[in-house]
Amino acid sequence: MKENRILTMKDIARELGVSVATVSRALKDSPRISEERRRMIQQYARDHNFTPNVLAESLRHSRVQPMRVIGVIIPEFVHHYFSSVLRGIEEMASAHDYRIMVAQSGEHYEREVQLCQSFYENKVCGIIVSQAKDTKQYDHFQRLIDAGVPLVFYDRICTGVNASRVVVDDYMGAYNAVSHLIDTGCRRIAFFGSQLNLEIAKNRFNGYKDALLKHGLPYRPELTRICDNRREAEMVTPELFDGDYYPDAFFAVNDDTALGIMYSARHMGLRVPEDISICGFSNDVHAVCSDPMLTTVEQHGQKVGEEAAEVLIAHVEGRIPIERTEKRIVRTRLILRGTTR
């Protein structure tokens, strides 16, 4: 058994060549199982530090509900969007008499794995998570599902496992934003985005590219960069103005990156929006603090959090069967401000 992997009853059953039901009965010391088999299964569980998550099961099948705690994993606390999601989760959880236990992955896969293990051992009744940027293996999520722990993804969903999810319409949000840039006369639109292993990054990139093609503009790879934070945007933006073909607009995967583009552009003596237009994505608190204020796509983070908590609680309480995946989409809205014409 690999370190940090969650041992499930399915694992024990497979290793000992018995059914999951037999393992469950043996761990409950049921007389329906022979004493020899009970001892064998119980000893294996002790030797491998098996921690059964009985809370989620009891919540689904009992009117007497013990500790009602939802585990929440966010990539980073510093982003306004994730704090908005967290506010929505907390308000919905509180309205249903649940508490939340919150931790951040720091955008690291290893930390994410540890948090999943920790939440499981702390007997949370379900987990709401947005995966880290560098997560490319999904065993830790699948093991939670196999262990009967309800799991709901938000924002950055994991397509490698079959779990419920709540997302915004990233594709249409990007498509509408780029279409607006084109409608206002922009023809050389650069795209700053995240690594395409993330589903939201792929959707926003595809929305950008399809908007260009729909309006008869060519997609030019030289105007595309993997760049999704302000520090990198300030460094990368000047590169796009080195040659003869340079952008007259930027669409950024988030507002932090968009503001980095604007800072760098103005340092180069470019006027916004007269020389270049800039559009972000998220509508965080900094979007209205810049001069000019930032045109951006509203993600409705609080609504995403509310929907994610609602789905998770419905799974825990049995109103949505745990084996059925729920997929919800929160609509975006383009907010026009001073960085576009």
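Only a predicted model underlies this, so the values are computations on that prediction, with no experimental measurement involved.

Enquirer: How do you make sense of the pairing of strand S4 (residues 151–154) when you look at a structure like this?
Expert: Regular strands place their side chains on alternate faces of the sheet. Burial of the side chains of S4 extends over both faces: Leu151 and Phe153 are buried on one face and Val152 and Tyr154 on the other. Bridge count between strand S3 (residues 126–129) and S4: three bridges; the pairing is parallel. Counterpart to Val129 in the pairing with S4 is Phe153. As judged from the three bridges shared by S4 and strand S5 (residues 164–168), these two strands associate in the parallel manner. In the strand pairing of S5, Phe153 is matched with Arg165.

Enquirer: How should the pattern of salt bridges be read in this particular structure?
Expert: Side-chain pairs of opposite charge can arise where the charged atoms are in close proximity. Applying the stated criterion to the full structure yields 20 salt bridges. A salt bridge links Glu307 to Arg328, with the shortest nitrogen-to-oxygen separation between them at 2.6 Å. With a gap of 21 residues between them, Glu307 in helix H12 (residues 301–316) and Arg328 in strand S11 (residues 327–330) connect regions that are remote in the sequence. Judged by relative accessible area, which is 14%, Glu307 ranks as buried. Between Glu310 and Arg328 there is a salt bridge; the shortest N-O distance is 2.5 Å. Of this pair, Glu310 sits in helix H12 while Arg328 sits in strand S11; the two residues are 18 residues apart in sequence, bridging distant segments of the chain. Several salt bridges converge on common partners, so that one network encompasses Lys303, Glu307, Glu310, Arg324, Glu326 and Arg328.

Enquirer: Explain the state of the cysteines to me, please; I cannot follow it from the model alone.
Expert: Per the stated rule, a full pass over the model turns up zero disulfides. Just so you know, Cys116 is unpaired, no disulfide at all, and the nearest cysteine sulfur is the one on Cys158, 10 Å from it. Under the relative-accessibility criterion, Cys116 is labelled buried at 1%. The closest cysteine sulfur to the non-disulfide-bonded Cys186 is located on Cys279, 10 Å from its own sulfur. Taking relative accessible area as the criterion, Cys186 reaches 0% and is therefore assigned buried.

Enquirer: So what exactly am I meant to see when it comes to the side chain of Ser282 here?
Expert: When you line up the elements, Ser282 lands in the loop between strand S9 (277–279) and strand S10 (296–298). Note on Ser282: relative accessible area 10%, which makes it buried. Not counting residues up to four positions away in its chain, the partners in contact with Ser282 are Asp255, Thr296, Val297, Glu298 and Gln299.

Enquirer: I'm lost on the sheet that holds strand S7 (residues 224–226) in this one. Help?
Expert: The strands making up a sheet associate through backbone hydrogen bonding, with each pair oriented either parallel or antiparallel. With respect to topology, four strands assemble into an open sheet ordered S7-S6-S8-S9, the strand pairing being parallel. Because the sheet does not close on itself, it has two edges, and the strands there are S7 and S9. The mean angle between the axes of side-by-side strands here comes to 15°, regardless of whether they run parallel or antiparallel. When strand S6 (residues 189–193) meets strand S8 (residues 249–252), the two strands line up parallel, connected through four bridges. When the bridges of S8 are listed, Ile189 appears paired with Ala249. The strands touched by helix H8 (residues 170–183) are S6, S8 and S9; relative to S8, the strand with the most contacts, the crossing angle is about 170°.

Calculation notes
- Residues numbered from 1 in each chain as written.
- Predicted model: local features only at pLDDT ≥ 70, side-chain atom pairs only at ≥ 80, totals over all residues.
- Heavy atoms only, no water.
- Buried < 20%, exposed > 50% of the residue type's maximum accessible area, 1.4 Å probe, protein only.
- Helix = DSSP H or I, 4+ residues; strand = E, 2+ residues; numbered from the N terminus.
- Pairing = 2+ DSSP bridges.
- Salt bridge = Lys/Arg side-chain N within 4 Å of Asp/Glu carboxyl O.
- Disulfide = S-S within 2.5 Å.
- Contact = heavy atoms within 4.5 Å.
- Axes fitted to C-alpha atoms, helices over the stretch in contact; angles between N-to-C directions.

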